[in-house]
Each structure stands twice: as structure tokens, then as C-alpha cells.
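Below are the chains, spelled out letter by letter.
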Amino acid sequence: VIEDAAALTAAGRQPHLVAVQVGENPASKIYTNMQKKSCEAAGIAYDLLELDDAISQDDLLAEVQKLNDDAGVHGIILQMPVPPQVDARVVQVTIAPEKDIEGMHPENMGRLFYGGGVVSPCTAAAAVALLKHTETDLAGKEAVVIGHSEIVGKPIAMMLLESLRESPTVRVCHVATKNLALHTRDADIVFVAAGVSQAIWRGYNKKKKAGEDVAVPSLAPLISGDMLKEGAIVIDVAINRIPKGFDEDGMPVKNEKGKNAMKTVGDVDFEAAKEKVGAITPVPGGVGPVTVAMLLKNTIACTKALA
Ligand code: NAD
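Analysis parameters
Residues numbered from 1 in each chain as written. Predicted model: local features only at pLDDT ≥ 70, side-chain atom pairs only at ≥ 80, totals over all residues. Heavy atoms only, no water. Helix = DSSP H or I, 4+ residues; strand = E, 2+ residues; numbered from the N terminus. Rg over C-alpha atoms; globule rule 2.2 N^0.38 Å. Buried < 20%, exposed > 50% of the residue type's maximum accessible area, 1.4 Å probe, protein only. Contact = heavy atoms within 4.5 Å. Areas by Shrake-Rupley, 256 points an atom, 1.4 Å probe, with all protein chains shown as cover. Lys, Arg positive; Asp, Glu negative; His and termini not counted. Charge placed at Lys NZ, Arg CZ, Asp CG, Glu CD. Phe/Tyr/Trp six-rings, centres within 6.5 Å; stacked < 30°, edge-to-face > 60°. Near = heavy atom within 4 Å. Polar contact = N/O pair within 3.5 Å; in protein donor to acceptor, adjacent residues only side chain to side chain. Nonpolar A, V, L, I, M, F, W, Y, C, P; charged D, E, K, R; others polar. Arc of directions from axis to C-beta. Pairing = 2+ DSSP bridges. 1 Å grid on protein atoms, 1.4 Å probe; cavity = no way out; pocket = protein on both sides within 12 Å on 5 of 7 lines; lining within 4 Å. Points joined across faces, edges and corners; volume = space filled by probe spheres on them. Axes fitted to C-alpha atoms, helices over the stretch in contact; angles between N-to-C directions. Left-handed = near helix turned anticlockwise from the far one by under 90°.

Enquirer: Sorry, what's going on with the overall build of the protein chain here?
Expert: Across its full length, the protein chain carries eleven helices and ten strands. Its C-alpha atoms give the protein chain a radius of gyration of 20 Å, near enough to 19 Å, the size a compact globule of 307 residues would have. Seen along its three principal axes, the alpha-carbon backbone of the protein chain occupies a region of about 60 × 50 × 35 Å. Looking at the protein chain as a whole, 44% of its 307 residues are labelled buried. Taking all contacts inside the protein chain whose residues are at least 6 apart in sequence as the whole, residues at least 24 apart take part in 76%. Counting only carbon and sulfur atoms, one obtains 54% of the accessible surface of the protein chain, whose full area is about 15,300 Å². Each charge sign in the protein chain was given a centre, from 31 positive and 39 negative side chains, and these centres are 2 Å apart.

Enquirer: What should I look at first to understand the packing of aromatic side chains in this one?
Expert: Where two aromatic rings form a pair, the distance of their centres and the angle of their planes describe that pair. Counted under the stated rule, the structure contains three aromatic pairs. An angle of 40 degrees between the planes, with centres 6.4 Å apart, marks the rings of Trp201 and Tyr204 as tilted. Note that Trp201 and Tyr204 are positioned in helix H9 (residues 196-209) at a spacing of three residues, about one turn of the helix. We classify Trp201 as buried; its relative accessible area is 7%. Taking relative accessible area as the criterion, Tyr204 reaches 5% and is therefore assigned buried. Ring geometry for Tyr204 versus Phe246: centroids 5.6 Å apart, planes at 85 degrees, classification edge-to-face. You can see Tyr204 sitting in helix H9 and its partner Phe246 sitting in the loop between strand E8 (240-243) and strand E9 (262-265), a full 42 residues away along the chain. Within the aromatic cluster, the residues linked to one another by ring pairs are Trp201, Tyr204 and Phe246.

Enquirer: Any chance you could explain the site of the ligand here in plain terms?
Expert: Around the ligand lies a shell of 21 residues, among which His148, Ser149, Val175, Val237 and Ile239 are the nearest. In this structure, an oxygen atom belonging to the ligand sits 2.9 Å away from a main-chain N or O atom of Val175. One of the side-chain N or O atoms of Thr291 is found 3.2 Å from an oxygen atom in the ligand. Protein burial of the ligand: of its 860 Å² of free accessible surface, 73% is covered by the chains. Among the elements that make up the shell around the ligand, the one with the highest residue count is helix H11 (residues 287-306) (three residues). Its residues assigned to classes, the shell around the ligand shows 13 nonpolar, eight polar and no charged.

Enquirer: What is the right way to look at helix H5 (residues 106-113) in this model?
Expert: Think of an α-helix as turning once every 3.6 residues; residues three or four places apart then point the same way. Those residues of H5 not exposed but buried are Asn108, Met109 and Leu112. What you see down the axis of H5 is that its buried residues fit within an arc of 100 degrees, all on one side. Buried residues in H5 make contact with helix H7 (153-160). Following H5 by one or two positions, Gly115 adopts a phi angle in the positive range, close to 95 degrees.

Enquirer: What is the right way to look at the pairing of strand E3 (residues 75-78) in this model?
Expert: For a regular strand, side-chain orientation follows a simple rule: the groups alternate between the two sheet faces. By the alternation rule, side chains of E3 split into Gly75 and Ile77 and Ile76 and Leu78, which are all buried. As judged from the four bridges shared by strand E1 (residues 16-22) and E3, these two strands associate in the parallel manner. Across the sheet, residue Val20 finds its bridge partner in E3, namely Leu78.

Enquirer: I tried to follow the layout of surface pockets on my own but got confused; where do I start?
Expert: Taking a probe equal in size to a water molecule and rolling it over the atoms shows the remaining empty space. Approximately 1,500 Å³ is the volume found for the largest pocket. Forming the boundary of the largest pocket are 45 residues, of which Met80, Ser149, Ile151, Val152 and Ala193 lie nearest the centre. For the lining of the largest pocket, the per-class residue count stands at 26 nonpolar, 14 polar and five charged. Residue lining of the second largest pocket: Glu24, Asn25, Pro26, Lys29, Gln198, Trp201, Arg202, Asn205, Lys206, Lys209, Arg241 and Met262, and that is the complete set. At the level of elements, helix H2 (26-42) and H9 are the ones that each hand at least two residues to the lining of the second largest pocket. The element contributing the most residues to the lining of the second largest pocket is H9, with six residues. For the lining of the second largest pocket, the class distribution of residues is three nonpolar, three polar and six charged.

Enquirer: Would you explain the packing of helix H6 (residues 122-133) against H11 in this entry?
Expert: Geometry of a packed helix pair, given as the angle between the helix axes and the separation of the axes. At a closest axis distance of 8 Å, the pairing of H6 and H11 adopts a crossing angle of 115 degrees. Note on packing geometry: the crossing formed by H6 with H11 is right-handed. The residues of H11 that touch H6, namely those facing Cys122, Thr123, Ala125, Ala126, Ala127, Ala129 and Leu130, are Val287, Val290, Thr291, Met294, Leu295 and Asn298. Looking at the contact of H6 with H11 residue by residue, the class counts come to ten nonpolar, three polar and no charged.

Written out as C-alpha cells, the structure reads:
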């Protein structure tokens, strides 16, 4: 990426990525900080367009259209989540497919079915690249993907099925799956992308702030060590920002600055799993940085294709 960015810059076309963020979100913040640092390190120009939480859908689409029309911009990314008045799908379809470095446009998604195009969805591509890095022979293996979102779970499943003869068998689990352990316990490969602890914490926090009398919930990881097979490969995609602990009033314990002491964890009990599995990605520091690398790779690919 560094070499390609330098060559393009020397030819007067420095790759330029713009991330669009509507409102604030802790997980998104971690991601945009990583994007900025990585772009700087790679010689790619990076801008974060921070828009008001209350922006209307039409105004947001107009901002995206401006970026589509700007010949100096080669890649556009919409940070998720977006506030309720915004329909992310409509925004994603508005991003020009040739600048869609997240690979989320239906045109780019459709290409996944045919074995890839110029870009592929970054997080899914990162998760699958990490699996491939283990050099495991995938034919005949059992793979389970937990989470079936458009951005992560579904494209991971599609990418795993790319090879006609050497793909693993793929099962996709989601919120309506009754017995997750039934699927994970015999899986050779487990991708986890649900973000369950974060969702539970958000729900609890909302009720607590509204003055409801609620019991402190369990924020234990979705996937415990005993749900995994000995020697399995585990790719934990989830990013959960949750309190380190609670005091007796059910409020998060504070850090030295008097703010809620928070930690970033995945969906897998890393400490228990690492004693048992063949390979596992940590959170933070696993899929996240590789996702950023994929974003940069896609930015280079789009800059070249736009020439
Ligand atoms: P999403 O909310 O769109 O989808 C969550 C998925 O999890 C859904 O398919 C849902 O059915 C499933 N799910 C929810 N509860 C479940 C349960 N109890 N059991 C099984 N499945 C359950 O989320 P997303 O955008 O796909 O993101 C998933 C996670 O990955 C989040 O934690 C997010 O922060 C993280 N993420 C990480 C990166 C990265 O770069 N590392 C990028 C994007 C998302």
C-alpha cells in the first residue's frame, strides 16, 4: 500500500479517503482514529467529515453527492451506526460504486457472488484474510459464522464459499439461533460478529438513566471456552465497549478522571479460549487493524481504477 500510494502521489494522484461520520459512537471512534493513523503512515490523504447527529437524510445525501463529484476524492466510507432518521442503505447506494471502498454498494456486493471485483467489504475481507494467514486447508472443514449483517456476517459466508472445490461447509448463526453451542462445538473455524455485550450494556444504561429499577446484567462474552472445539481457529470480529465493573448502586466504576472505566472486548472469552483453540484473534488488536489495512488496499484499488 505504501509503495502504491507513493507511486500514485508521484504521478500527481495522491489517494484520498473521506470518512463520513454522523454523530458520535465509541466503537466508531476507535475505528476512525485507526483509519487516520494508518492513512498517515501509508501516505494516503484522510479526512473525517463529522456531521451533526440531527442531519436530515436529504442533507446527508447531498454531502455524499458532493464527495462523488469531487475528482480529488477516491474513496468514501460511511461510519456505522447512523442515527435513526438516516437509512444507511440509501446512503450506501448513493456512494458511487467506484468510490465505495467499503464494498457495501449493491453493485460491489453483487460481484462477491461472482468471485470478487475491484473492492470487497473490508471487515469481512480482513476476517477471511486472517483465516487464510493460518494456511489451513479449508476443504472439508466446518465453518460457523455468528452474525448475519450485510457488512460482516453475510459477506464472510460468501467469501468462504468463493472456491468451487476448496471451500469449507458454512453455517450462519444469528440472533434467532436457538442453541449456538450446538453449532460452535464441532466447528473447525468460528467467526464471531454479534456485539452482544455492548448491546446489553446499552439497553441497561438506557433503562438506568430513565430511573428504572433494573438488575445489573451479565456482560459475559457470548462465546465461552467450553463452546469451542479443541484446535479451532477463532476470528473475533466484535468490538464491545463495556464497563470494567459496577458498584453497589449498579453504576459503572469510575476511572481516575471520574469517568466510567470502560474496556474493549470481543464476543469470545479470549483467556479461556486461548488455552484450547489453535489460533484466535485478540480484541482490540486483531480484526480491527487488518480491516483498516483492507480499507487502504481498497482505496489504492479505487484510485487506480478511477484513473
Ligand atoms: P449488527 O448489529 O448489524 O449485526 C449483529 C449480528 O449479530 C446480527 O446478525 C444478529 O442477528 C447477531 N446476533 C445478535 N445477538 C446474537 C446472539 N445472541 N446470538 C447470535 N447472534 C446474535 O452488527 P455488525 O455491524 O455486523 O457488527 C458486529 C460486531 O462486529 C459488532 O461488535 C461491531 O462493533 C463489530 N465490527 C467490527 C469491525 C472491525 O473492524 N473489527 C467492523 C465492523 C463491525
